[in-house]
Amino acid sequence: IPVDPFDLVIFGGTGDLARRKILPALFRRYCAGQIPSEARIVGAARAEYDDAGYRDFAAEAIREFAPGRTCEDGTLGQFLERLSYVTIDARGDTGWEDLASKLQPGRVRAFYFSVGPGLFGDLADRLHKWGVADADSRIVVEKPFGHDLASARALNHTLAAHFHESQIYRIDHYLGKETVQNLMAVRFGNMLFEPLWNAQYVDHIQITVAETVGVGGRGEYYDTAGAMRDMMQNHLMQLLCLIAMEPPARFEPDAVRDEKLKVIRALDEVLPHHIVRGQYDAAKGAEGDYPSYREAVGNPRSKTESYIALKTHVSNWRWAGTPFYLRTGKRLKARSSVISVMFKDTPHSIFGAEAGRHANVLTIRLQPNEGITLQVTIKEPGPGGMRLVDVPLDMTFAEALGPEGSDPPDAYERLIMDVIRGNQTLFMRGDEVEAAWAWTDPIIAGWVRRGEVPKPYDSGSVGPGDADLLIQRDGREWRGIV
Ligand code: BG6
């Protein structure tokens, strides 16, 4: 279903995010017939481009990052006609009049702040000074949203000077992933799981987000952030919220976000011995040598973590006593993002020795191979007596849903269209972000106070050995990186 005609301005329109994600996502939605022909997309940045130059930039980005899409010949050309460019000075007056003249009355207006948070205030001021934004305009902001609680509060305050909360779309792209939305469909669209979804029946929860990539060219940013700020405070925290939250009364922005906020506020403070930090070492890989983390960021004494594993609890009636184990890291053995809901075992075995069977597990695979699997016990076929085995009840989307399932839309496709539709359900509210920082800040402050250095781990491994001990001490094992 096409969205309403809109004008979308991408500040930072020549940046990495625009190139890799925003422009390819818009193109794919155009191919899907969701973007009406009256829509206009304006790139805005400091670089000197004209419209034709920006269209070339976009075409190259789309060829590189949206390859192989079924899009009829000529569609790229039609899409590019929707694009234009203004050279703009976020801190001065250059370009703003030009930008104002490009926007059309009576359209949905969205401004994508694909720039560092240091410019949010300048952009917000100028959008108003030049009459470019109005009371219905939407702004989209990217993470990192602040560096700690104080800076996140300051950013919220800056944006609130010009925009109402209902106009602010804080992106956490994990919420746009198909399987993450499916997690809510499975939890709240089936009767099967809800009665068991609590500490009485769930032994523990694991969330793993493992990456094979290193810090790449983002060393300067990453070395001031680390895995805690870059991934744990936002992506893993959002996944935890969706697993742990109470059913909202409706699938509406504030109903969902109120419930997520309650989860974050119920999180226990994490004890120092319930956290393992790691930093990757150099390694030889198939395509050559990988530098160590410290080499990659150009800081031989860096104490920043590229890996983190921790154990926490959600202290409320539903979850008291059920540990949540979370881990994420770079340069690991495999790219694998998985949530495992580990159910308790049956209270009594009627079959005697039950080698080969385990308690039920609900596995939610975010990537790759998106899907959901429920591990159940059945009898091994054949006349060999009552031997039990585990089998997966498998809902791999590629198999269950055909081509749609095997090629799900990128998170940004869904999220940008939600901005145009005015649906904030999959975006973070200001108080959620602040609550997540309030949980993160004391953990980081503890490391700094104690001068903690992360444990080295081999690139291409599953992370530092201490992370295995963290969960093994409780008689459990990590799942998910294979
Ligand atoms: C980003 C982080 O938010 O998410 C990156 O800043 C990380 O460090 C990326 O690599 C992971 O996203 P995805 O969608 O590839 O899992």
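Small disclaimer: the values here were computed from a predicted structure and weren't measured.

**Student:** What exactly am I supposed to notice about the site of the ligand here?
**Tutor:** Around the ligand sit Lys 143, His 173, Tyr 174, Lys 177, Glu 211, Arg 218, Asp 230, Met 231, His 235, Lys 330, Arg 335 and Gln 367, and those are all the residues in its vicinity. Between the ligand and Lys 177 there is a distance of 2.6 Å, counted from an oxygen atom to a side-chain nitrogen or oxygen. Within the side chain of Lys 330, a nitrogen or oxygen atom sits 2.7 Å from an oxygen atom of the ligand. For the ligand, whose accessible area on its own is 400 Å², the fraction buried by protein is 81%.

**Student:** I'm lost on the sheet that holds strand S7 (residues 202-210) in this one. Help?
**Tutor:** The strands making up a sheet associate through backbone hydrogen bonding, with each pair oriented either parallel or antiparallel. Read from one edge to the other, the open sheet built from nine strands follows the order S16-S15-S14-S13-S7-S12-S11-S8-S17, with strand pairing classed as mixed. The open sheet has two edge strands, strand S16 (388-396) and strand S17 (455-457), and neither has a second partner. The mean angle between the axes of side-by-side strands here comes to 20°, regardless of whether they run parallel or antiparallel. With four bridges connecting them, strand S8 (residues 275-280) and strand S11 (residues 307-313) associate as antiparallel partners. Paired with Arg 277 across the two strands is Ile 308, which belongs to S11.

**Student:** Teacher, can you tell me more about a nonpolar patch on the surface here?
**Tutor:** A surface patch of nonpolar side chains, about 320 Å² in accessible area, is lined by Ile 350, Phe 351 and Met 386. Here Phe 351 is to be found in the loop between strand S13 (336-343) and strand S14 (361-367). A relative accessible area of 36% places Phe 351 in the partly exposed class.

**Student:** What exactly am I supposed to notice about the domain arrangement of the protein chain here?
**Tutor:** A common way to state how big an interface is: give the accessible area lost once the parts meet. On domain assignment, one finds that the protein chain holds domain 1 (6-142) and domain 2 (175-410 + 428-472). Computed over C-alpha atoms only, the centres of domain 1 and domain 2 are separated by 34 Å.

**Student:** When you look at unusual backbone geometry in this model, what are you seeing that I'm missing?
**Tutor:** In most cases, non-glycine residues show a negative phi, while peptide bonds are predominantly trans. In this structure, Pro 144 follows Lys 143 across a cis peptide bond, with omega equal to 5°. Position of Pro 144 relative to the elements: it lies in the loop between strand S5 (138-141) and helix H6 (149-160). Cis peptide bonds are those with omega within 30 degrees of zero, and the linkage from Gln 367 to Pro 368 qualifies with -10°. Along the polypeptide, Pro 368 turns up in the loop between S14 and strand S15 (371-379). The backbone of Arg 331 sits at a positive phi, close to 55°, despite the residue not being glycine. Tracing the sequence through the fold places Arg 331 in the loop between strand S12 (323-329) and S13. One non-glycine residue, Asn 369, lies in the positive phi region at around 55°. Structurally, the position occupied by Asn 369 is in the loop between S14 and S15.

**Student:** Mind showing me how you'd approach the sheet that holds strand S3 (residues 83-87) here?
**Tutor:** With parallel pairing, the six strands of this open sheet are ordered in space as S3-S2-S1-S4-S5-S6. Both edges of this open sheet fall to S3 and strand S6 (168-170), since each of them pairs with a single strand only. In this sheet, adjacent strand axes meet at a mean angle of 20° when their direction is disregarded. Of the pairings in the sheet, the one linking S5 to S6 comprises three bridges and is parallel in character.

**Student:** Got a minute to help me understand the nonpolar core in this structure?
**Tutor:** Across soluble globular proteins, nonpolar side chains have a tendency to be buried as a group. Counting 112 residues, the largest nonpolar core has Ile 10 and Leu 26 as its most contacted members. Take this core: its biggest share by element is 13 residues, from helix H8 (residues 219-244). When residues of this core are sorted by domain, at least three fall in each of domain 1 (6-142) and domain 2 (175-410 + 428-472). Once you skip the residues sitting within four places of it in the chain, Ile 10 turns out to touch Ala 18, Ile 22, Leu 23, Leu 26, Ile 41, Val 42, Gly 43, Ala 44, Tyr 54, Tyr 112 and Ser 114. If you look at the next biggest cluster of nonpolar residues, it comprises 30 residues, including Val 9, Ala 90, Ala 133 and Ala 152.

**Student:** Just checking my understanding: could you explain the side chain of Gln 424 for this structure?
**Tutor:** Among the secondary structure elements, Gln 424 is positioned in the loop between helix H13 (411-421) and helix H14 (430-450). A distance of 3.3 Å separates a polar atom in the side chain of Gln 424 from a polar atom in the side chain of Arg 257. Leave out the neighbours within four places in its chain, and Gln 424 touches Glu 165, Ser 166, Gln 167, Ile 168, Tyr 169, Pro 253 and Arg 257.

Parameters and conventions
- Residues numbered from 1 in each chain as written.
- Predicted model: local features only at pLDDT ≥ 70, side-chain atom pairs only at ≥ 80, totals over all residues.
- Heavy atoms only, no water.
- Near = heavy atom within 4 Å.
- Polar contact = N/O pair within 3.5 Å; in protein donor to acceptor, adjacent residues only side chain to side chain.
- Areas by Shrake-Rupley, 256 points an atom, 1.4 Å probe, with all protein chains shown as cover.
- Pairing = 2+ DSSP bridges.
- Helix = DSSP H or I, 4+ residues; strand = E, 2+ residues; numbered from the N terminus.
- Axes fitted to C-alpha atoms, helices over the stretch in contact; angles between N-to-C directions.
- Patch = residues over 30% accessible without salt bridge, like charges linked within 9 Å, V, L, I, M, F, W, Y side chains within 5 Å.
- Salt bridge = Lys/Arg side-chain N within 4 Å of Asp/Glu carboxyl O.
- Buried < 20%, exposed > 50% of the residue type's maximum accessible area, 1.4 Å probe, protein only.
- Domains from an automatic or database assignment.
- Core = buried A, V, L, I, M, F, W, Y, C linked by side-chain atoms within 4.5 Å.
- Contact = heavy atoms within 4.5 Å.

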